[in-house]
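Notes for the structure review
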Amino acid sequence: MKKSIIKLLKFLCIYQNVKNVVDVVRKIYKSFFLYFYNYIMTYIPCVALRLFYLRNILHIKIGQDCHIGLGTYMLGEISFGHGCVVGTRCHIVGPLLVGDNVAIIAHTYIFGTSHYKDSPTFEPFERREVIDSYAWLGARSMVLPGCHIGEGAILGAASVATKDLPPFSVAVGSPARVVAKRSSQLEYNLSEYNPFFV
């Protein structure tokens, strides 16, 4: 009986080591494909090829008729609706949920993760960001973790969203403050912007 227990314990130790090795290999595999996209594929001037890689290799959910610009860095759980346009050299770190016909203009930073400022160990956290349909994020704007950008809201160029923006609002500044309202009668379709190269 004692020998059987020892054999079982040895098997479990070997199994645990094999499981750990498999987990490490998976992490290396995923890291390689993320690295390959973010530092090589993202600079290939063919939208169709980049979208294929994002959807099929990195498993990022991207709706029909979307455009992802050159040099855009992506990491984490990200989901885009239909007809979204992401400009060049954006930096997007999930978790992020984006609605339909959202315009994210060049050099925009969207972060779903950060660190607790008072943590002695610099402990990280993540908070899902939501950008509703018809939202428009201006060039060089920034959206911090946990923000909800309401339907049709505009975040002005170089503005920083530190809290939720109400639907159809126009917010500017750092931190962004609501300064105006936007028409709620939005019918445009960004899927018409779909160049092959760029």
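This structure is a prediction, so every number in the text was calculated from the model and none was measured. (Residues numbered from 1 in each chain as written. Predicted model: local features only at pLDDT ≥ 70, side-chain atom pairs only at ≥ 80, totals over all residues. Heavy atoms only, no water.)

What follows concerns the overall build of the protein chain. Assigned secondary structure in the protein chain consists of 2 helices and 19 strands. Across the 198 residues of the protein chain, 41% fall into the buried class. Pairs at least 24 residues apart make up 29% of the contacts formed inside the protein chain by residues separated by at least 6 positions. For the protein chain, the accessible surface area stands at approximately 11,700 Å², while carbon and sulfur atoms represent 63% of it. (Helix = DSSP H or I, 4+ residues; strand = E, 2+ residues; numbered from the N terminus. Buried < 20%, exposed > 50% of the residue type's maximum accessible area, 1.4 Å probe, protein only. Contact = heavy atoms within 4.5 Å. Areas by Shrake-Rupley, 256 points an atom, 1.4 Å probe, with all protein chains shown as cover.)

Turning our eyes to something else, we now look at the sheet that holds strand 17 (residues 160-161). Spatial strand order, 3-6-9-14-17: 5 strands in an open sheet with parallel pairing. Of all strands in the sheet, those with a lone pairing partner are strand 3 (73-75) and strand 17, marking the two edges. (Pairing = 2+ DSSP bridges.)

Backbone hydrogen bonds are what pair the strands of a sheet, in a parallel or an antiparallel way. Strand order in the open sheet formed by 5 strands is 1-4-7-12-15, and the pairing between neighbours is parallel. At either margin of the open sheet sits one strand with a lone partner, and together these are strand 1 (61-62) and strand 15 (148-149).

With that settled, consider the packing of aromatic side chains. Applying the stated criterion to the full structure yields 10 aromatic pairs. Centroid distance Tyr35 to Tyr39: 4.8 Å. Interplanar angle 35 degrees. Geometry classified as tilted. Residue Tyr35 and its partner Tyr39 are located together in helix 1 (residues 2-39), separated by 4 residues, close to a single helical turn. A centroid spacing of 5.0 Å and a plane angle of 90 degrees characterise the contact between Tyr134 and Tyr188, whose relative ring orientation is edge-to-face. (Phe/Tyr/Trp six-rings, centres within 6.5 Å; stacked < 30°, edge-to-face > 60°.)

Once that is clear, we can look at the environment of Cys147. Relative to the helices and strands, Cys147 resides in the loop between strand 14 (142-143) and strand 15. With near-sequence residues (within four places) excluded, Cys147 lies in contact with Arg128, Glu129, Val130, Ala161, Thr162, Lys163 and Asp164.

So, on to the nonpolar core. Ranked by internal contacts, the top residues of the largest apolar core, which has 36 residues, are Phe80, Ile92, Ile131 and Ile149. Looking at this core, the elements that each hand over two or more residues are helix 1, helix 2 (47-56), strand 4 (78-80) and strand 7 (96-98). For this core, the leading source of residues is helix 2, giving 4 residues. Excluding anything up to four places from it in sequence, Phe80 contacts Lys61, Ile62, Gly63, Cys66, Ile68, Met74, Val86, Ile92, Val98 and Ile104. (Core = buried A, V, L, I, M, F, W, Y, C linked by side-chain atoms within 4.5 Å.)

As a further point, take the pattern of salt bridges. As enumerated under the stated definition, the model contains 2 salt bridges in all. Close ionic contact of Glu77 with Arg128 constitutes a salt bridge, the shortest N to O distance being 2.8 Å. Of this pair, Glu77 sits in the loop between strand 3 and strand 4 while Arg128 sits in the loop between strand 11 (124-126) and strand 12 (129-131), and the two are 51 residues apart along the sequence. A relative accessible area of 39% places Arg128 in the partly exposed class. Between Asp118 and Lys117 there is a salt bridge, and its shortest N-O distance comes to 3.0 Å. One exposure class covers both Asp118 and Lys117, and it is exposed. (Salt bridge = Lys/Arg side-chain N within 4 Å of Asp/Glu carboxyl O.)

Before going further, it helps to examine unusual backbone geometry. A negative phi angle characterises most non-glycine residues, just as the trans form characterises most peptide bonds. Look at the link from Gly94 to Pro95: it is a cis peptide, with omega at 15 degrees. By the element assignment, Pro95 lies in the loop between strand 6 (91-93) and strand 7. At the junction of Ser174 and Pro175, the peptide bond is cis and its omega measures out at 0 degrees in the coordinates. Examined against the element boundaries, Pro175 turns out to sit in the loop between strand 18 (169-172) and strand 19 (177-181). One non-glycine residue with positive phi stands out, namely Asn101, at about 55 degrees. Structurally, the position occupied by Asn101 is in the loop between strand 7 and strand 8 (103-104). Here the phi dihedral of Tyr134 falls at roughly 65 degrees; this positive angle occurs in a residue that is not glycine.

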